[in-house]
Amino acid sequence: MSAASFGELLNLDIPPKIKFWARALTQVTYKGEATEADVVFTAFKTPTIEVELIQPGESPNVWKDHLEKHGEGVHHISLELDNLQERLSDFQEKGYDVIQQGEYWNGHS
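Presented here is an overview of the structure given in this document. No experiment lies behind these values; they were computed from the predicted model shown. (Residues numbered from 1 in each chain as written. Predicted model: local features only at pLDDT ≥ 70, side-chain atom pairs only at ≥ 80, totals over all residues. Heavy atoms only, no water.)

**Some details on the sheet that holds strand E2 (residues 29–30)**
The strand order across the open sheet built from three strands is E3-E2-E6, with neighbouring strands paired in antiparallel fashion. In this open sheet, the two edge strands, each paired with only one partner strand, are strand E3 (33–34) and strand E6 (100–101). Relative to E6, E2 is paired through two bridges, and the arrangement is antiparallel. Within E6, the residue paired with Thr-29 across the bridge is Gln-101. (Pairing = 2+ DSSP bridges. Helix = DSSP H or I, 4+ residues; strand = E, 2+ residues; numbered from the N terminus.)

Have a look at this one:
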């Protein structure tokens, strides 16, 4: 679904596109290796939800993998929580791997 379609659906103006690839800032890793994880994205925000549209670039990253394997669609649901590193350890103990991680614009992984 395009940004124009989401704007129409949510009755919102189309937000600006943001290019995101500064490895020096993000420290993104993908499958344990440093990557640029370059993307262009935009985010529609309402009082109750935020919808991000992500267009992956050429470097290795989960968004590119998802698009190539599944096509367009929902990639992730984001949650805010306390003690991120503790929660990640809990998930890893249950057999879930951390595939990609980085410091994004809000300074959190």
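There is more to say after this.
**Overview of the environment of Glu-50**
Along the polypeptide, Glu-50 turns up in strand E5 (residues 50–56). If sequence neighbours within four positions are ignored, Glu-50 has contacts with Ala-43, Phe-44 and Lys-45. (Contact = heavy atoms within 4.5 Å.)

**Details of the packing of aromatic side chains**
Scanning all chains against the criterion turns up two aromatic pairs. Consider the rings of Phe-91 and Tyr-96, whose centres lie 5.8 Å apart with planes at 75°: the pair is edge-to-face. Among the residues examined, Phe-91 registers a relative accessible area of 47% and is labelled partly exposed. Exposure remark for Tyr-96: the relative accessible area of 53% places this residue in the exposed category. (Phe/Tyr/Trp six-rings, centres within 6.5 Å; stacked < 30°, edge-to-face > 60°. Buried < 20%, exposed > 50% of the residue type's maximum accessible area, 1.4 Å probe, protein only.)

**Looking at the nonpolar core**
Val-28, Tyr-30, Ala-37, Val-39, Phe-41, Val-62 and Trp-63 form the largest nonpolar core, which has seven residues in total. Elements with a contribution of two residues or more to this core: strand E4 (39–45) and helix H3 (62–70). (Core = buried A, V, L, I, M, F, W, Y, C linked by side-chain atoms within 4.5 Å.)

**Digging into the pairing of E5**
On any regular strand, side chains alternate: one points to one face of the sheet, the next to the other face. As paired elements, E4 and E5 share seven bridges and run antiparallel to each other. By the bridge assignment, Thr-42 is partnered in E5 with Leu-53. What sits between E4 and E5 in their antiparallel hairpin is a turn of four residues.

Purely spatial values, then, with no claim about function.
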